[in-house]
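Chain by chain, the residues:
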Amino acid sequence: MYIKEVANLASSFVPTYTPSYSNANFALLGLALENMLGATIEDIFDKSIAKPLGLRSTTMGNPLQITNDSVIPGGGLVRSGWWDALGPLNSGAGGFSTTNDLAAVGRSILNSTLISQATTRRWLSTTTFVDQTEQAAGRGWEIFRVRTNGHSADLYTKSGNWGVYNSVFVLLPAYDFGFSILSASGSARAAVVDALTNDIINTLLPALEAVTKRQASANYAGRFSSPDEKANTSITVITDVSLGLRVTEYIVSGVDLLASVFSLFGSDVEFRLIPNQLYDSRTRVGFSAVYQGPSEIPPKEEFYWSCPSWLDVDDYTYANVPLGLMAFDVGIGGKAASVRLVALRETLLRKSDVEYASNA
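Residues numbered from 1 in each chain as written. Predicted model: local features only at pLDDT ≥ 70, side-chain atom pairs only at ≥ 80, totals over all residues. Heavy atoms only, no water.

(A) Region of interest: the overall build of the protein. When helices and strands are tallied, the protein shows 8 helices and 19 strands. Along the longest, intermediate and shortest principal axes, the C-alpha atoms of the protein span 80 × 50 × 40 Å. Residue pairs at least 24 apart in sequence account for 49% of intrachain contacts in the protein once pairs closer than 6 positions are excluded. Here the protein displays about 21600 Å² of accessible surface, and carbon together with sulfur accounts for 55% of that area. Of the side-chain charges in the protein, 27 are positive and 34 negative, and the distance between the mean point of each set is 5 Å. (Helix = DSSP H or I, 4+ residues; strand = E, 2+ residues; numbered from the N terminus. Contact = heavy atoms within 4.5 Å. Areas by Shrake-Rupley, 256 points an atom, 1.4 Å probe, with all protein chains shown as cover. Lys, Arg positive; Asp, Glu negative; His and termini not counted. Charge placed at Lys NZ, Arg CZ, Asp CG, Glu CD.)

(B) Region of the structure containing the pairing of strand β8 (residues 177-184). Pairing analysis gives 8 bridges linking strand β7 (residues 165-172) to β8, with the strands arranged antiparallel. Residue pairing for β8: F169 is matched across the bridge by S180. Here β7 folds back onto β8, and the loop between the two strands holds 4 residues, one of which, D176, carries a positive phi near 50 degrees. (Pairing = 2+ DSSP bridges.)

(C) Region of the structure containing helix α8 (residues 191-220). Its 30 residues give α8 an end-to-end C-alpha distance of 42 Å, which sits within 8% of 44 Å, the value for a rise of 1.5 Å per residue. If you look at α8, its biggest bend is around 30 degrees, right at L204, and the proline P206 turns up within four residues after that. V193, T197, I201, L205, L208, E209, K213, A216, S217, N219 and Y220 are the residues of α8 that are buried. (Expected span 1.5 Å × (residues − 1). Bend = angle between axes of the 7 residues up to and from the residue. Buried < 20%, exposed > 50% of the residue type's maximum accessible area, 1.4 Å probe, protein only.)

(D) Representation of the pattern of salt bridges. Taken as a whole and assessed by the stated rule, the structure comprises 7 salt bridges. Between K158 and E142 there is a salt bridge, with its nearest N and O atoms 3.0 Å apart. Taken together, the residues K158 in strand β6 (residues 151-162) and E142 in strand β5 (residues 142-148) connect sequence positions 16 residues apart. Under the relative-accessibility criterion, K158 is labelled partly exposed at 25%. Ionic pairing is found between D280 and R282, a salt bridge with its closest N-O pair at 2.6 Å. Counted as one network, the salt bridges with shared partners bring together D240, E270 and R272. (Salt bridge = Lys/Arg side-chain N within 4 Å of Asp/Glu carboxyl O.)

(E) Seen up close, the pairing of β5. Looking at chain direction, strand β4 (residues 135-137) and β5 are connected through 3 bridges and run antiparallel. When the bridges of β5 are listed, A136 appears paired with I143. Linkage of β4 to β5, two consecutive antiparallel strands, is achieved through a turn of 4 residues, within which G140 is found at a positive phi near 95 degrees. Count of turn residues in the β5/β6 antiparallel hairpin: 2 residues, of which N149 carries a positive phi of about 55 degrees.

(F) Focus on the side chain of S185. Considering the arrangement of structural elements, one finds S185 in the loop between β8 and α8. Polar contacts involving the side chain of S185 include one to the main-chain amide nitrogen of A188, which spans 2.9 Å. (Polar contact = N/O pair within 3.5 Å; in protein donor to acceptor, adjacent residues only side chain to side chain.)

(G) View of the packing of aromatic side chains. The full count for this structure, using the stated rule, is 18 aromatic pairs. On the numbers, 5.0 Å between centres and 70 degrees between planes, the contact of W82 with F96 is edge-to-face. Taken together, the positions of W82 in the loop between α4 (76-80) and α5 (90-93) and F96 in strand β2 (residues 95-96) put the pair 14 residues apart, joining distant regions of the chain. Residues W82 and F96 agree in their burial class; the two are buried. With a centroid separation of 5.2 Å and an interplanar angle of 40 degrees, the aromatic rings of W123 and W141 are classed as tilted. Of this pair, W123 sits in helix α7 (residues 117-123) while W141 sits in the loop between β4 and β5, and the two are 18 residues apart along the sequence. Three or more aromatic residues joined by ring pairs make a cluster, and in this case those are Y250, F262, F271, Y291 and Y316. (Phe/Tyr/Trp six-rings, centres within 6.5 Å; stacked < 30°, edge-to-face > 60°.)

Now the structure itself:
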């Protein structure tokens, strides 16, 4: 019946013309899963998500019991929206949960506990932009782009509301961080969730940025050189206010690659290392280099300029391996003891640390 009625619903736009919000797509997906697996969406959810993650206070659809922990504001079960039977829409808007359980869900997404890392990366991506330049839509995500310390950070969020209940679930994959807010109010409605989300992001994002810079400096910044001093091969890695790690020295067998090979991008080329997730991060952390001359963001009236930071990654190779591909061998706590110059098949030992260059 639900599918029949959806099929009879008049179209608002032609397909792929513009993004629009819909719970019906997830309702249809839930019906398809029930048909494919021969089980109810509640059983599918319990078996594939709730039990593996140990969720004790999360249900797909109305909880079977009302307890002292249930939050039902004045107005009772009906007026609050708690007792509404959503039927097929349970797959799109019928979840009941707690911030503790949602924290477990967030950790499972960031750690790819239930799905592969490749699937997670595809999931945490933009599907289309919307009319606001700082907003986009994903596969179930409402994505917001904020600025911090001269670069952007993407917030993958999912908000919800029904009756007096409002919620938001937020992930910042770049920082392995997230939070959720659940509210119940007949008067404030979504205002509490909206205000708290902005306050949390504006307060914590600068702190998260500072912490990650300090951690990166402690773990990776330093001078690495060949065990054989006669080889005259070394690199120096620092952290500064810009993205990633910066390589300020890259010498191989006495040849300064920054002043020779990579100087084709300019004598003041910036050679930066960005995590590539090609290795098991517990023992080895991989980075790929991007290189470009210093550039400034143009005035607002200029909308176009070249984007070399993501264009130039593997221009220069040796034995079909980019010269900028490096892998740090890390110990307990994540501190690198050596770095592997993958293309040159040479491992350099960490000889000294370099302090975080906060004003570089």
